[in-house]
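An overview of the molecular structure
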Amino acid sequence: QLARFNPISLARLRPDLMNFRTHRKIVVCDGRVGFTGGVNVCDAHSAAARGDRAWRDSHLQLEGTPVGDLQLAFLEDWHFATGDAPSAADYFPHHSRADAGPWVQVLASGPDDESYAIEKFCFAAIAGARQRVLVTTPYFVPTEPLLLALGTTALRGVDVQILVPQRSDSRLVTAAARSYFDELVRVGVRIHEYQSTMLHAKTLVVDDIGLIGTANMDHRSFRLNFEVAAALLDRSLAASLAEMFQADLQQAAEYRSQHRRAGAWQRFSEAAARLLSPLL
């Protein structure tokens, strides 16, 4: 079965709703195994279709009780799109707690809930960091609270590093992102630009906590899109994400503001793109 989420049509034109879309990537199998992360179902992510040019991404497989939260997020979207209300008994099998694994918290956010759970989780985690903050995101257009948290955390002596693609699939977003680099580098944040291919992973490591999901570090993901993420409250899983981050740095170059010689047109383009940050 196929349904479209919030389609645009003349018959149901609602300007106040046109900008809202689901950016969630959820697969749930029999209510027992779930997947979420950055991977889309498209050739760009397929090594079989694009070989070495396939996008670099990260995805997560879940089993046990957190799968129920992924299932609920999907069914809420399905109900909005179709009006159907499936029977809960068919989609939420009982999970034994005998083999409990690491603690995982599924976070869902969207414009229908002003708590903005994913943004607040990121802000609280970064602001309270003691040792390290490792951000991987394809689109870096942070909200003011996140920008402040990253800067002040670096000023406290915490190791704050951000990994972004050297050039994303959107020139406008790339220009807006680069407008933030110099002010962050000045306060001690290290920024790396991934050069091998398009980086599309969305992960965060703060001390011994990890986060992997669909949300970019930008206004659209935090405030306008329907997103989902899994918070990994486990030291070993956070360490695995940190190892992935370090491995990606082998194919990245560190941004150095003193080496930059941007022309007047480039600086103007980046400043203009930054004005559009709330919609990017």
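Structural data are supplied above this passage.
Residues numbered from 1 in each chain as written. Predicted model: local features only at pLDDT ≥ 70, side-chain atom pairs only at ≥ 80, totals over all residues. Heavy atoms only, no water.

1. Notes on helix α2 (residues 66-82)
Taking 1.5 Å per residue as the helical rise, α2 with its 17 residues ought to reach 24 Å, and the 25 Å between its terminal C-alpha atoms agrees with that figure. When α2 is considered as a whole, its buried residues turn out to be Pro-66, Val-67, Gly-68, Leu-70, Gln-71, Ala-73, Leu-75, Asp-77 and Trp-78. Where α2 is buried, its residues touch β1 (21-22), β2 (26-29), β3 (33-37), β4 (59-63), β5 (103-109) and β13 (225-233). One or two residues past the end of α2 sits Gly-83, with phi positive at roughly 85 degrees. (Helix = DSSP H or I, 4+ residues; strand = E, 2+ residues; numbered from the N terminus. Expected span 1.5 Å × (residues − 1). Buried < 20%, exposed > 50% of the residue type's maximum accessible area, 1.4 Å probe, protein only. Contact = heavy atoms within 4.5 Å.)

2. Observations concerning the environment of Val-39
Topologically, Val-39 is positioned in the loop between β3 and α1 (47-50). We classify Val-39 as partly exposed; its relative accessible area is 30%. Remark: the alpha-carbon pair of Val-39 and Asp-57, spanning 18 residues in sequence, is separated by 6.1 Å. Among all residues touching Val-39, those that are not within four sequence positions of it are Lys-25, His-45, Asp-57, Ser-58 and His-59.

3. Examining the nonpolar core
Formed by 41 residues in total, the largest nonpolar core has its most connected members in Val-133, Phe-140, Leu-150, Ile-162 and Leu-184. Once residues within four sequence positions are removed from consideration, Leu-150 is found in contact with Ile-126, Val-133, Val-135, Phe-140, Val-160, Ile-162, Leu-184 and Val-189. Counting 23 residues, the second largest nonpolar core, distinct from the first, contains Leu-70, Leu-134, Leu-163 and Val-228. (Core = buried A, V, L, I, M, F, W, Y, C linked by side-chain atoms within 4.5 Å.)

4. Section: the packing of aromatic side chains
Inspection of every chain in the model, using the stated rule, returns five aromatic pairs. Seen in terms of ring centroids, Phe-181 and Tyr-255 are 5.1 Å apart; in terms of plane orientation they differ by 70 degrees. Their pairing is edge-to-face. With Phe-181 in helix α6 (residues 181-186) and Tyr-255 in the loop between β14 (252-254) and α9 (264-275), this pair connects stretches of sequence that are 74 residues apart. Above the plane of the ring of Tyr-116 lies Arg-223, whose end atom (NZ or CZ) is 4.4 Å from the centre. (Phe/Tyr/Trp six-rings, centres within 6.5 Å; stacked < 30°, edge-to-face > 60°. Lys NZ or Arg CZ within 6 Å of the ring centre and 35° of its normal.)

5. Thoughts on the side chain of Thr-153
If you trace the backbone, Thr-153 turns up in helix α4 (residues 144-155). On the accessibility criterion, Thr-153 (0% relative accessible area) is buried. Of the polar contacts made by the side chain of Thr-153, one reaches the backbone oxygen of Ala-149; its length is 2.6 Å. With sequence-adjacent residues up to four places away left out, Thr-153 is seen in contact with Ile-126, Ala-127, Ala-129, Val-133, Val-158 and Val-160. (Polar contact = N/O pair within 3.5 Å; in protein donor to acceptor, adjacent residues only side chain to side chain.)

6. Observations concerning the sheet that holds β4
Reading across from one edge, β2-β3-β4 is the order of the three strands in this open sheet, with antiparallel pairing throughout. Because the sheet does not close on itself, it has two edges, and the strands there are β2 and β4. On average, each strand axis in the sheet is inclined to that of its neighbour by 15 degrees, with strand direction left out of account. Relative to β4, β3 runs antiparallel, the two being bridged by five bridges. Looking across to β4, one finds that Gly-37 is bridged to His-59. Contacting β2, β3 and β4, α2 runs over the sheet at an angle of about 120 degrees to β2. (Pairing = 2+ DSSP bridges. Axes fitted to C-alpha atoms, helices over the stretch in contact; angles between N-to-C directions.)

7. Some points on unusual backbone geometry
In this structure, Asp-30 takes a positive phi of about 55 degrees despite not being glycine. Within the fold, Asp-30 resides in the loop between β2 and β3. The backbone of Asp-207 shows a phi angle near 55 degrees, a positive value even though the residue is not glycine. Take Asp-207: it is sitting in the loop between β10 (203-206) and β11 (209-213).

8. Topic: the pairing of strand β6 (residues 132-136)
Within β6, four of the five residues are buried, which leaves the element mostly enclosed by the surrounding structure. The pairing of β6 with strand β8 (residues 159-165) spans five bridges and is parallel. Among the inter-strand pairings, Val-135 is bridged to a residue of β8, identified as Ile-162. Of the strand pairs in this sheet, β6 and β10 are connected by four bridges, and their pairing is antiparallel. Each bridged residue has a counterpart across the sheet, and for Val-135 the counterpart in β10 is Leu-204.

The values are spatial; any link to function lies outside them.
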